[in-house]
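A look at the structure
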Protein chains: 4
Amino acid sequence: MEMRDPVDFQVRTDLALEERESFPGDGGEISGVSLREWHEEKSQVKFTEVKILDERGAKAMGKPQGTYLTLEAGQLAKKDEDYHGEVSAELAKQMRQLIVDLMKGEMREERGVGRKPEELRILVVGLGNPSVTPDALGPKAVNQLQVTRHLEQQYGDGFCRGRGLPVLSGLIPGVMAQTGMETAEILKGVIRETGPDLVIAIDALAARSIRRLGTTIQLTDTGIHPGSGVGNHRHCLTRESLGVPVLAIGVPTVVGAAAIVHDTVDAMIGALAGNMATKGMGDFVQGMSSDEQYALIRELLEPEFGSLYVTPPDIDEKVGQLSFTISEGIHQAVFPG
Amino acid sequence: MEMRDPVDFQVRTDLALEERESFPGDGGEISGVSLREWHEEKSQVKFTEVKILDERGAKAMGKPQGTYLTLEAGQLAKKDEDYHGEVSAELAKQMRQLIVDLMKGEMREERGVGRKPEELRILVVGLGNPSVTPDALGPKAVNQLQVTRHLEQQYGDGFCRGRGLPVLSGLIPGVMAQTGMETAEILKGVIRETGPDLVIAIDALAARSIRRLGTTIQLTDTGIHPGSGVGNHRHCLTRESLGVPVLAIGVPTVVGAAAIVHDTVDAMIGALAGNMATKGMGDFVQGMSSDEQYALIRELLEPEFGSLYVTPPDIDEKVGQLSFTISEGIHQAVFPG
Amino acid sequence: MEMRDPVDFQVRTDLALEERESFPGDGGEISGVSLREWHEEKSQVKFTEVKILDERGAKAMGKPQGTYLTLEAGQLAKKDEDYHGEVSAELAKQMRQLIVDLMKGEMREERGVGRKPEELRILVVGLGNPSVTPDALGPKAVNQLQVTRHLEQQYGDGFCRGRGLPVLSGLIPGVMAQTGMETAEILKGVIRETGPDLVIAIDALAARSIRRLGTTIQLTDTGIHPGSGVGNHRHCLTRESLGVPVLAIGVPTVVGAAAIVHDTVDAMIGALAGNMATKGMGDFVQGMSSDEQYALIRELLEPEFGSLYVTPPDIDEKVGQLSFTISEGIHQAVFPG
Amino acid sequence: MEMRDPVDFQVRTDLALEERESFPGDGGEISGVSLREWHEEKSQVKFTEVKILDERGAKAMGKPQGTYLTLEAGQLAKKDEDYHGEVSAELAKQMRQLIVDLMKGEMREERGVGRKPEELRILVVGLGNPSVTPDALGPKAVNQLQVTRHLEQQYGDGFCRGRGLPVLSGLIPGVMAQTGMETAEILKGVIRETGPDLVIAIDALAARSIRRLGTTIQLTDTGIHPGSGVGNHRHCLTRESLGVPVLAIGVPTVVGAAAIVHDTVDAMIGALAGNMATKGMGDFVQGMSSDEQYALIRELLEPEFGSLYVTPPDIDEKVGQLSFTISEGIHQAVFPG
């Protein structure tokens, strides 16, 4: 997660799910975007798969083409270890499928072709600032990872493969304000030197809705696109920029105060429009152009909430639990039976 | 700070300053409440003194009679050690005056009569949960305190007095969910056993406005009244409940998400009313009764923001700096030149 | 644990077990001291019960009369959650028995008479400095405790008793250098105000042998006697000083560097004496009077190791695990099946 | 710092100073090793410069050729911010000289030729495990560093140079057990991608003497040679392995328990030999061959202290202070007046 700078007003979300929800008429179709939802009875996890299929979909959603799979589990907010174990298992299952699909795409390049997840060389990267609690999710998850790559170096090439183990390595690259280097530079160097087949990148995300903080996990095969990926390719961590496929795992840990304001205005307009007495007003505001609505909200925002991000007071505990759920999910996805 | 429970919807603030601001017509007078504001040129600190003078004022403000002095310094948000030193000095000056005034009230009880702050026996209490970052302000401040009371026990009664030092002790009582005891019970026992003349209680507060987080310090001679002091006297830490005067130092570190929503609605109504085209709507909503407005906001709030508190992502650093500013302020207030 | 000050040279241990071992001829009997050892096959815990029966025993051991029960489990050093669970269960069993015995002694005072552990009002105290890692064991254990006493206050007297639950409260009083108050003063006040039947005090200990750090738990019905309890009654936390029985749980987390030196000298003398060629020397040193041996060791110690305490580099993790094992043990001991 | 594994018995030190002291006859000359000592009156810092001049010296010392400069300041153990400032200044002065000398050696390779420290591109690396307190010195120092390299990327090449600023970047690579990668691999990749002229590597060291913990800083132009650099070139961070010169800054934070035992035996032998009555024994043990002495000590060590490292209980605070002293020293060395 990179906190955006103060001039950036836009009410953004890193969750494709929330981007999708923001379209009017909710149930409707967006051209170039497919949507699939299902529940797991036992684990009470709700899955939402958003696929951005073409350029039109990418433009509408403001996100690159690819698959975005979201796991939602309200109970994740609670301190229930057994439940976290169930979510880890669901996460592992989905991650495994995404890895298999990602590596199929690599076939023509004859690297890691047809290998199972447990036969790959995988670099897990914990993005974010380890010193800022809501941003420390990725670093914490990598800290709990059981790496194996050094065993290959100690006991010889093929040591892991011979035992059906993945060759797992982990890195916490830090953030640019602390390193003076772009994460992509650090990763490119480390990848060239250590040769993984796949990168798994774990990051804290910004959501639009407070209730998603700490209860939602997003998997995507599109990599990491800080600042919404609109044009700013320098910072991307993707197949293109790194040379290996990138599976991204994200958990929302902050919301912009602007998002709360925005949602309130939306809800208020809805409430006004839904009430006979105030219907006229609600209709009126709904009838305002997008630009006019923007101007109104911007006015409401200044100068308090502009670029402020907020997080729940118990985020320390939440990040601790979820980083564990994710590292366990990775273990189950890549270590066989 | 005690997080209020989910059924509590009210948009509250622990700052008398913000309570005062919430009255319509802002500049107007509230019966039974006096207001005084001034700036210190050099330190760029803005002071606001709210005095609640009688029962009417207390009822209007929802807070007990007494003096509430607020220091605001936007720069406190920054990592400037020299500046924090200046604020500590301002804090010390005001605290010293408040202590002198408080102890005058004690005269007729012949305890600590006419003593200077440096001659008192003072117990500093760090309220809040040390494990929850935005609530750890008080505990952190007490951790940085230089206590002296044990020197009296080691080198004899009068050791501190003889050197013009206060007899300073410190306690971090924890929160009821962790101790199973009310803070007032713990303090009553410790006060009876160790006999201080004065309690200084440091606490994290809830504000209404995000921009006050980490930039504002409130001093009050009324003690601590969790849950707004409305009827719930069991939890109060006051002259009445503890038997010694209580100076409270508070810093806002969280805001209710409900406050953000509330302010947005307010601002939106204002914006609608200020615009020719939408004037009718704004006027209409303004014309709604208080109960109707409440019902509207409550509807907007559900189910997302109800009882949620939020805090800035860098609260860890902010709490670290401010706890130091406060402990330094106490040192300067009670240790002579 | 209170670090002793620099002039204190004596190679001390807080473990009665180690004190007992230090007597020459190891297997021999000490008048006034009984010894019993056994193993639990399944949990692989070794138990040693040292009972100091009379004044002679107390003088020989430098510890007050009473029962000292030690659980040793080398595997505790490892990160095996299941194993920690087994040790918690053993701990709970022994603790329960000790509590029953302690409360029998209270009979004639008609308080908590004949009650089961789950029917008592218990205050658990986490001694030590929460900011110094090896001393934070007690505070961390109390942080993980599930207190219930406040439920009585919320739902009425007898709420816990009616459900067969103990009335559990917890306190982290801090150390004198931070509070300016003696722990006994704080506890006396809190006990008077909140009325527990029993105090359980958790503390970090100093051991003589490095291999005991993090692998040993000592239970005793004699309370806490910092500075070896020799005359320094001001600091004691005992039935006498607090007015209620005190069960103490201790885990060694530091050793004095002096202890390492001392053991080396002992071992070296033994080695010399056991070797034909050097037998004369070993015998000679063994033949030195206790005072001469002291003088020799003191000379070897100066100026490096005098009062230094040392701890393993991974003490952070060890303290984390053991504090959990202990809080779980307490839960199992006082909450019924 | 890499903790050595259990079979490694040798009483090692990472300080050239201590290695030098270990030679018998202390004041005597070692062929191929020069020694220079001086005091700074004002800062009360003692400097010792050990130069290993040739292969013979390297073999005798068990360390590679080069310069080892040690700053000792007993007061560093205390919490005196002003004093830490003075030590930072001394450190900066020496560091600056070492950097100038190092870069002269680079002349023939036409990179960074004749540049002042403030004109170089420097990568500062914090070695060690951030989660293990005594090993976190390097990571903590890098966290406090003010990096600038990203400004070049934001405002254009030459931005820093134009202002006389160094191009500073920082990295916390983690340890192999957490990353599965050798630190050298990570650094090689990052160096290739980001092109620094110089690496400054900060590491926690193992000393032989407890009194050096937290009071000593070693600078060396030989880079990092974990495991004593004897043959194990895979792990080295040097001019040879990384392609750029490496200035290493180290602070001892642990000692082997074996070192304490070893020193005790030495001191005891000395004491015996110095005493008329026991002179024969001391002489006898001194007369033992090195192998026999080894065997004796090994016997004394087993099974307790073999590979144990120990650290002071307040290491947390010490590492916090020293990491700040070092990062300030680097700032002063590379940022112009």
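First, a word on scope: everything that follows refers to the structure included in this document.

Let us look at the overall build of chain A. In terms of helices and strands, chain A carries 13 helices and 9 strands. The proportion of buried residues among the 337 residues of chain A is 58%. Restricting to contacts in chain A with at least 6 residues of sequence separation, those with at least 24 account for 72%. For chain A, the exposed area adds up to about 13700 Å²; of that, 49% sits on carbon and sulfur atoms.

Looking now at the pattern of salt bridges. Throughout the structure, instances matching the rule amount to 40 salt bridges over all chains. In this structure, the salt-bridge partner of A:R212 is A:E72, at a minimum N-O distance of 3.1 Å. With A:R212 in the loop between strand 6 (198–207) and strand 7 (216–220) and A:E72 in strand 3 (residues 66–72), this pair connects stretches of sequence that are 140 residues apart. Here A:R212 matches A:E72 in class, with each residue buried. Here B:E49 ties to B:R36 by a salt bridge, and the two come within 3.4 Å at their closest N and O atoms. Of the two residues, B:E49 sits in strand 2 (residues 45–52) while B:R36 sits in strand 1 (residues 33–40), which places them 13 residues apart along the sequence. Note on B:E49: relative accessible area 14%, which makes it buried. Three or more residues are tied together by salt bridges with common partners; here these are A:E18, A:E21, A:E72 and A:R212.

Okay, the packing of aromatic side chains next. Each pair of aromatic rings is reported with the distance of its centres and the angle of its planes. The final tally for this structure, using the stated rule, is 8 aromatic pairs over all chains. Ring geometry for D:W38 against D:F47: centres 5.1 Å apart, planes inclined by 10 degrees, an arrangement best described as stacked. Just above the ring of C:F159 sits the side chain of C:R163; from NZ or CZ to the centre is 3.9 Å.

Moving on, we get to the packing of helix 3 (residues 81–104) of chain C against helix 13 (residues 315–334) of chain C. Pairs of packed helices are described in terms of their axes, by the angle between the two and the distance that separates them. Residue and element names in this part refer to chain C. Where helix 3 contacts helix 13, the two axes come as close as 7 Å, and the packing angle between them is 50 degrees. One element, helix 3, and the other, helix 13, form an angle in the oblique class. In the crossing of helix 3 with helix 13, the sense of the turn from one axis to the other is right-handed. Between helix 3, through H84, V87, S88, A89, L91, A92, M95, R96 and I99, and helix 13, the contact on the second element is made entirely by Q321, T325, I326, E328, G329, I330, Q332, A333 and V334. Here the residues of the contact of helix 3 with helix 13 sort into 10 nonpolar, 6 polar and 2 charged.

You can see D:E18 is positioned in helix 1 (residues 16–21). Engagement of the side chain of D:E18 in a polar contact is seen with the backbone nitrogen of D:R208, the distance being 2.5 Å.

The next point concerns helix 8 (residues 183–194) of chain C. All names here are of chain C. The first and last C-alpha atoms of helix 8 sit 16 Å apart over 12 residues, in line with the 16 Å expected at 1.5 Å per residue. Most of helix 8 is tucked away: 9 of the 12 residues are buried. Looking at helix 8, one finds that the buried residues are T183, A184, E185, I186, L187, G189, V190, I191 and T194.

With that out of the way, let us pick up the pairing of strand 6 (residues 198–207) of chain C. All names here are of chain C. Counting buried positions along strand 6 yields 10 of 10 residues, so the element is predominantly enclosed. The alternating pattern of strand 6 places L198, I200, I202, A204 and A206 on one face and V199, A201, D203, L205 and A207 on the opposite face, and all of these are buried. Where strand 6 meets strand 8 (residues 246–256), 9 bridges bridge the pair, whose relative direction is parallel. Its bridge partner being in strand 8, I200 is matched across the sheet by L247.

Parameters and conventions
Residues numbered from 1 in each chain as written. Chains lettered and ligands numbered in written order. Predicted model: local features only at pLDDT ≥ 70, side-chain atom pairs only at ≥ 80, totals over all residues. Heavy atoms only, no water. Helix = DSSP H or I, 4+ residues; strand = E, 2+ residues; numbered from the N terminus. Buried < 20%, exposed > 50% of the residue type's maximum accessible area, 1.4 Å probe, protein only. Contact = heavy atoms within 4.5 Å. Areas by Shrake-Rupley, 256 points an atom, 1.4 Å probe, with all protein chains shown as cover. Salt bridge = Lys/Arg side-chain N within 4 Å of Asp/Glu carboxyl O. Phe/Tyr/Trp six-rings, centres within 6.5 Å; stacked < 30°, edge-to-face > 60°. Lys NZ or Arg CZ within 6 Å of the ring centre and 35° of its normal. Axes fitted to C-alpha atoms, helices over the stretch in contact; angles between N-to-C directions. Parallel < 35°, antiparallel > 145°, perpendicular 65-115°, else oblique. Left-handed = near helix turned anticlockwise from the far one by under 90°. Nonpolar A, V, L, I, M, F, W, Y, C, P; charged D, E, K, R; others polar. Polar contact = N/O pair within 3.5 Å; in protein donor to acceptor, adjacent residues only side chain to side chain. Expected span 1.5 Å × (residues − 1). Pairing = 2+ DSSP bridges.

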